[in-house]
Amino acid sequence: MDCMELLQQMPDESVSMILTDPPYGISYQNNFTNRKHRMLEGDDGIDYEKFAGQSYRVLKENAHAYFFTRFDCYPYHYECLVQAGFSVKNCMVVEKGTVGGIGDLSGSYANNAEWIIFCQKGRRAFNHTTLLQNRKKEGSRFQTGREPSKKYKTRFNSCWFGAEYPKATYNSTWQKRNGIYHPTVKNVEFLSWLVQISSNPQEIIFDGFMGTGSTALAAVLTGREYLGAEINREYYEISQRRIEEVKLLEREGN
């Protein structure tokens, strides 16, 4: 179903985290593959101001929200989210699994990163995770008067580049190998890092634009619940298949 239809049916403060990639109105197509992606449904744009307001309403107090964006959409998206009541804390920049080929290929820089607006409703501290070890030895002091360093990072950079971080998206080889052809499919490992940093097990993660289900998979793999919508029937069916495959593997593992 359509995301806005679902949001209107949801009670106030019914989800614990939002992690979503709304359409930007850019009619994305990949220029580096023989298999052209179909235009995404809804990619002529959504009522972002209304979407931001509804997102704020359904999110619980003292919770985190992540909204994927683009450099040229960022100012408008930022303004809508602030007007809705969110406190925008950072714009994360995360390395893609492949270089994007949109726009002027001979007169602009290649897009090798995803932008994500990180927001809070109220204030929620980050979870202490075991995702990434500190480079300094545990117990070291960065400077006089500071607490000694922990074994694992408790505060992450806003730019995630390099081998120690998961990529934001999959490359075309992964898509071909898995038979999933979606122009903006996100890396489940990357999403699972955000889920672990910003939510607790059994909490509900919301994605109003589920695509092929990467956010749902990240929730399942980290012991969270998920709720979302996808307007494209083919992508919805792919997401259901992926979810069932992961759940089956988990059952077999137990």
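In this report, we go over the structure that sits alongside the text.

## Some words on helix 6 (residues 214-221)
Three- or four-residue spacings in an α-helix give side chains the same orientation, since the helix completes a turn every 3.6 residues.
Item 1. With respect to burial, helix 6 is a largely interior element, seven of its eight residues being buried.
Item 2. Within helix 6, burial applies to S214, T215, A216, L217, A218, A219 and V220.
Item 3. The secondary structure elements touched by the buried residues of helix 6 are strand 1 (15-20), helix 5 (188-198), strand 6 (204-207), strand 7 (225-228) and helix 7 (233-253).
Item 4. Just beyond helix 6, the residue with positive phi is G223, at close to 80°.

## Notes on the packing of aromatic side chains
Any pair of aromatic rings gets described here by the distance separating the centres and the angle formed by the planes.
Item 1. Applying the stated criterion to the full structure yields 17 aromatic pairs.
Item 2. Look at W160 and Y165: their rings are 5.0 Å apart centre to centre, the planes differ by 20°, and that puts the pair in the stacked class.
Item 3. Owing to a relative accessible area of 1%, W160 belongs among the buried residues under this scheme.
Item 4. Through pairs of rings, three or more aromatic residues link up here, namely Y48, F51, Y56, F67, Y76, F86 and F209.
Item 5. Positioned above the aromatic ring of F68, the side-chain terminus of K186 is 4.7 Å from the ring centre.

## Quick word on helix 3 (residues 74-84)
Item 1. Restricting attention to buried positions, one finds in helix 3 the residues H77, C80 and L81. Down the axis of helix 3, the sector holding all buried residues measures 95°, keeping them to one side. In helix 3, the exposed positions angled more than 90 degrees off the buried face are occupied by P75 and Q83.
Item 2. Phi turns positive, to about 120°, at G85, one or two residues after helix 3.

## Things to note about the environment of T222
Item 1. Note that T222 resides in the loop between helix 6 and strand 7.
Item 2. Of the residues examined, T222 reaches a relative accessible area of 14% and is grouped as buried.
Item 3. With residues near it in sequence (within four places) discarded, T222 still touches S192, V195 and Q196.
Item 4. Looking at T222, its side chain comes within polar contact range of the main-chain oxygen of A218, at 2.7 Å.

## Things to note about the pattern of salt bridges
Item 1. Summed over all chains, the structure comprises seven salt bridges.
Item 2. Here R57 and D12 are joined by a salt bridge, their closest N and O atoms 2.7 Å apart. Taken together, the residues span a long stretch of sequence, with R57 in helix 2 (residues 48-58) and D12 in the loop between helix 1 (3-9) and strand 1 at a distance of 45 residues.
Item 3. The closest approach of N and O atoms between R124 and E203, which form a salt bridge, is 3.8 Å. Separated by 79 residues along the polypeptide, R124 in the loop between strand 4 (111-121) and strand 5 (159-160) and E203 in the loop between helix 5 and strand 6 bring together distant segments of the chain.

Definitions and cut-offs
Residues numbered from 1 in each chain as written. Predicted model: local features only at pLDDT ≥ 70, side-chain atom pairs only at ≥ 80, totals over all residues. Heavy atoms only, no water. Buried < 20%, exposed > 50% of the residue type's maximum accessible area, 1.4 Å probe, protein only. Helix = DSSP H or I, 4+ residues; strand = E, 2+ residues; numbered from the N terminus. Contact = heavy atoms within 4.5 Å. Phe/Tyr/Trp six-rings, centres within 6.5 Å; stacked < 30°, edge-to-face > 60°. Lys NZ or Arg CZ within 6 Å of the ring centre and 35° of its normal. Arc of directions from axis to C-beta. Polar contact = N/O pair within 3.5 Å; in protein donor to acceptor, adjacent residues only side chain to side chain. Salt bridge = Lys/Arg side-chain N within 4 Å of Asp/Glu carboxyl O.

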